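Working through the structure, step by step
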Amino acid sequence: MTATLPADTRRAPVETDGPAPVLDVVVPVYNEETDLGPSVRELHRHLSRRFPYRFRITIADNASTDRTWSIAEGLAGELAEVTAVRLEQKGRGRALHSVWLASDAKVLAYMDVDLSTDLAALSPLVASLISGHSDVAIGSRLARGARVVRGAKREIISRCYNLLLRGTLSVRFSDAQCGFKAIRADVARELLPHVADTGWFFDTELLVLAQRAGARIHEVPVDWVDDPDSRVDIVSTAIADLRGIARLARALATGTVPIGRLRDQLNRAPAPVNAPGVPGGLVRQLVRFAAVGVASTLAYLLLFVLLRGGFGPQAANFVALAVTAVANTAANRRLTFGVRGAAGAGRHHLEGMLVFLLGLGLTSGSLALLHSATSPSQPIELIVLVLANLTATVLRFLLLRGWVFNPRRNRSENK
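In this convention, every chain numbers its residues from 1, walking through the sequence in written order. Only residues with pLDDT of 70 or above have their local features reported here, since the model is predicted, and side-chain atom pairs are shown and tallied only from 80 upward, although totals for entire chains, interfaces and linings are computed over all residues. Derived side-chain values reflect all non-hydrogen atoms in the structure, with water molecules and hydrogen atoms excluded from consideration.

Overview of a nonpolar patch on the surface
The cut-off we apply is this: Exposure above 30% relative accessible area and no salt bridge define the residues that can form patches, which grow by joining like charges within 9 Å and nonpolar side chains of Val, Leu, Ile, Met, Phe, Trp and Tyr within 5 Å. Here, Shrake-Rupley sampling with a 1.4 Å probe gives the accessible areas, and only protein chains in the shown set may cover a residue. By salt bridge we mean one thing: a side-chain nitrogen of Lys or Arg within 4 Å of a carboxyl oxygen of Asp or Glu. For the purposes of this entry, the term helix denotes a DSSP run of H or I that reaches at least four residues, the term strand denotes a run of E that reaches at least two, and both are numbered from the N terminus.
A surface patch of nonpolar side chains, about 670 Å² in accessible area, is lined by L354, L357, L358, V394, L395, L398, L399 and W403. Sorting the residues of the nonpolar patch by element identifies α12 (345–373) and α13 (378–404) as the ones contributing at least two each. Mapped onto the secondary structure, V394 falls in helix α13.

Below, the structure written as structure tokens:
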């Protein structure tokens, strides 16, 4: 039997024959009187030659104080597919939010005015959105196949930022800040009202919400050459990004952002697995179980060391295992197996304690055998306990997955 997606969860292809443009490329600018004219003409030339559907280029002037706005108006008068919008407040996120929501195009994109990203990547960027395969598309300087020319300082900052996002917000996309992105208009209308940032963190916040809501994010490796005249203030941007990460993490943790409702609105529920013998989400469950297990083991060893002097090895082992077992079951219930709400919680913890007794038997038995054979030092005790815990961990995962949190049992309890 082949596993297939229900027809109503597939994204329909974009209608390309109507009067509205298929693609609207927004170029946000602030005091870019030097680059604006040549860059927009180059972009217009590229789209006219390479893009087979109707398009629009929208210059979004973020309260420039030089000749940028007059040049934008001149380009709009010169080129039929170019329009210009003036905003009286700065902020790239503010500009994209305003222009994208007002656009009648089916696919919305933006790119930096310096054209650091090779325009050859533009068609692959939007193709997956037009076809209905993906919801959001991003150019990535960190994906395999990308060719990037930039200094070591920016390279390190970019990689560290994306590692930080992976560690704090569990993102799966590789490059949050490349100024080369596109989104389907129907998806943008659902996500943008929940994006709070008006500056440089806008991109990251939009992508995180898209990922959490189940949207498919398509990555295109790009050729990218650093602009030495970039106006980005790295220090202030980094501080703003850190604040944005903290705010967004707090909003996600407290449920301020209605992720469940967004997932329903985007109709991007996880694909059901109908193939016999193929367990759903095994790899992700293993990764999360391992992370919970590492944290539990460290907490267990710390408690054991602190308690051993006053209680002895067996009593310290019992107390340390009991305390961490309760926390381990709760964490795995929520994070590894995705069980929420009070239904079945009592049974889960009771059966979790039975699984705990298995771990207790393995570790206590290992300690008893060790002490019957020799008088071990504390490091030897810890090594034996770690090995016993590893064995218990494998058995615990199998029991939690196949018994305690078995999806069939949980579904029957929620009926």
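Some thoughts on the sheet that holds strand β5 (residues 136–140)
This is how it is decided: A pair of strands is treated as paired once DSSP finds two or more bridges between them. Axis definition: a line fit to C-alpha positions, over the contact stretch in the case of helices; interaxial angles, taken between N-to-C directions, run 0 to 180 degrees. Two residues form a contact once any of their heavy atoms are found within 4.5 Å.
A sheet is described by the order of its strands in space; here seven strands give the open sequence β3-β2-β1-β4-β7-β5-β8, paired in mixed fashion. For this open sheet the edge positions go to β3 (82–87) and β8 (217–221), each flanked by a neighbour on one side alone. Across the sheet, the mean angle from the axis of one strand to that of its neighbour is 20°, orientation sign disregarded. Pairing of strand β1 (residues 23–29) with strand β4 (residues 107–111) involves four bridges; the strand directions are parallel. Across the sheet, V26 pairs through a bridge with Y110, a residue of β4. The strands touched by helix α4 (residues 122–131) are β1, β4, β5, β7 (180–184) and β8; relative to β7, the strand with the most contacts, the crossing angle is about 15°.

Let's talk about the packing of aromatic side chains
Our working rule: What counts as a ring pair is set by centres within 6.5 Å for rings of Phe, Tyr and Trp (its six-membered ring), and what kind of pair is set by the plane angle: stacked under 30 degrees, edge-to-face over 60, tilted for all other angles. Throughout, exposure labels follow a simple rule: accessible area from a 1.4 Å probe, protein chains only, divided by the maximum for the residue type, with under 20% read as buried, over 50% as exposed, and the rest as partly exposed. Note on geometry: a ring has a charge over it if NZ (lysine) or CZ (arginine) is within 6 Å of the ring centre and within 35 degrees of the ring normal.
This structure, assessed with the given rule, holds three aromatic pairs. Between W100 and F202, the aromatic rings sit 6.3 Å apart at their centres with planes inclined by 55°, giving tilted as the arrangement. Of this pair, W100 sits in helix α3 (residues 92–102) while F202 sits in helix α7 (residues 202–212), placing them 102 residues apart in sequence. A residue is classified by how much of its surface remains accessible, and W100, at 5% relative accessible area, is buried. Given a relative accessible area of 1%, F202 falls into the buried group. Every member of this aromatic cluster is reached through a ring pair, and the members are W100, Y110 and F202. The ring of Y30 carries K90 above its face, with NZ or CZ at 4.2 Å from the centroid.

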